[in-house]
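# Geometric and topological summary
The lines below spell out each chain.
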Amino acid sequence: MLNNKYKDKRIFSVILLIFVFCLSIGLALFSSSLNIKSTTTVSPSKDNFKLIATCTYNGTGDCEVTPTSDDPVLAENSSKAVIENTTNGMVIRNLNFYLTKPGDKIKYSFYVRNNGQYTAYMKNYGVRNVEGTQKVIKCTPGEGTSESMVSSFCSGFSLFLNFSTGASSSSGVMYGGAWERDLNSSLPMSPNSYRQVSIELTYSTSSSVVRVDGPLTVEMGEMYINYSSVPNS
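Analysis parameters
- Residues numbered from 1 in each chain as written.
- Predicted model: local features only at pLDDT ≥ 70, side-chain atom pairs only at ≥ 80, totals over all residues.
- Heavy atoms only, no water.
- Core = buried A, V, L, I, M, F, W, Y, C linked by side-chain atoms within 4.5 Å.
- Buried < 20%, exposed > 50% of the residue type's maximum accessible area, 1.4 Å probe, protein only.
- Contact = heavy atoms within 4.5 Å.
- Disulfide = S-S within 2.5 Å.
- Helix = DSSP H or I, 4+ residues; strand = E, 2+ residues; numbered from the N terminus.
- Polar contact = N/O pair within 3.5 Å; in protein donor to acceptor, adjacent residues only side chain to side chain.
- Pairing = 2+ DSSP bridges.

Take the nonpolar core next. Grouped together as the largest cluster of nonpolar side chains are 36 residues, with contacts concentrated most on F97, L99, F110, V112, L159 and Y227. With residues near it in sequence (within four places) discarded, F97 still touches S78, I106, Y108, I199, L201 and M220.

Next comes the structure, spelled out in structure tokens:
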């Protein structure tokens, strides 16, 4: 009887040891660490920085802008401007101002819309020189037209670029060289917002500006507005 009890105790001890051993393995398995090593690369895409020019505030892209003027004759004889959105940016071309006398004004108005995911900041804007010259406006006299009168005529243009935020700039005399304005503020445009832009050309009423005595051709350099994803410093 005692031997049997002793045997039972031994068997029980062995079973207990096996149970503890198995439990230790289980605990060891559940106590294993999971180590995760990672690196993060931030790579902004220029495709997410997208501005378009359009004719209306909710427009989607390319279109034609009809000029306006207080004198309907001037508007009718000025050509429609063409807006194109290319992979290299926004292009406004075919601005053809029809002016006949001092005081005449022609205006083209359109919109710039931020269709990207970043806030866009306006950096600067201006007019480039006519290709092959050092002038933003090139006037060429026609047959029988006085060169001195043509020079005075060209110096009488005033160009205004106005933005819906109230920022504006003008140049009374552009005949002598390139024209550019850096902005004191960045004029931020948040995603899905828009801003109206007006380009206005005025024939000066200054007494120093004379009427030409014959035909002439007028060329204007390319106008531009630069935007960035970084505000002005």
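Looking now at the state of the cysteines. Here is the idea: a disulfide is a covalent bond, and it sits between the sulfur atoms of two cysteines. Per the counting criterion, the structure on display carries 1 disulfide. The disulfide partner of C55 is C63, and the S-S distance across this bridge is 2.1 Å. Looking down the S-S bond of the C55 and C63 bridge, the torsion is 105°, so its handedness is right-handed. Residue classification places C55 among the partly exposed residues on the basis of a relative accessible area of 21%.

A separate point is the side chain of R195. As for its position among the elements, R195 is in strand β12 (residues 194–203). According to the relative accessible area criterion, R195 is buried, its value standing at 5%. Within the structure, the side chain of R195 is placed 3.3 Å from the backbone oxygen of P188, a separation counted as a polar contact.

So, on to unusual backbone geometry. Despite not being glycine, N94 has its phi angle at roughly 70°, a positive value. Tracing the backbone through its elements, the reader meets N94 in the loop between β4 (89–93) and β5 (105–114). Overall, the relative accessible area of 42% leaves N94 in the partly exposed class. Positive phi is not limited to glycine here, since N192 has a value of about 70°.

Here the focus is the pairing of strand β6 (residues 120–127). With 7 of its 8 residues buried, β6 lies for the most part within the structure. Summarising the sheet, β6 and strand β11 (residues 188–189) pair through 2 bridges and their orientation is antiparallel. The residue bridging Y121 from the neighbouring strand is P188, located in β11. The pairing of β6 with strand β14 (residues 223–228) spans 6 bridges and is classified as antiparallel. Bridge pairing in β14 links G126 to Y224. Two strands pair when backbone bridges link them, and β6 and strand β10 (residues 179–182) are joined in this way by 4 bridges, in the antiparallel orientation. The residue of β10 that forms the bridge with V127 is W179.

Here we come to the environment of F160. Topologically, F160 is positioned in strand β8 (residues 157–163). Classification of F160 by relative accessible area gives partly exposed; the value is 28%. As a C-alpha pair, F160 and K107 span 53 residues in sequence and 9.2 Å in three-dimensional space.

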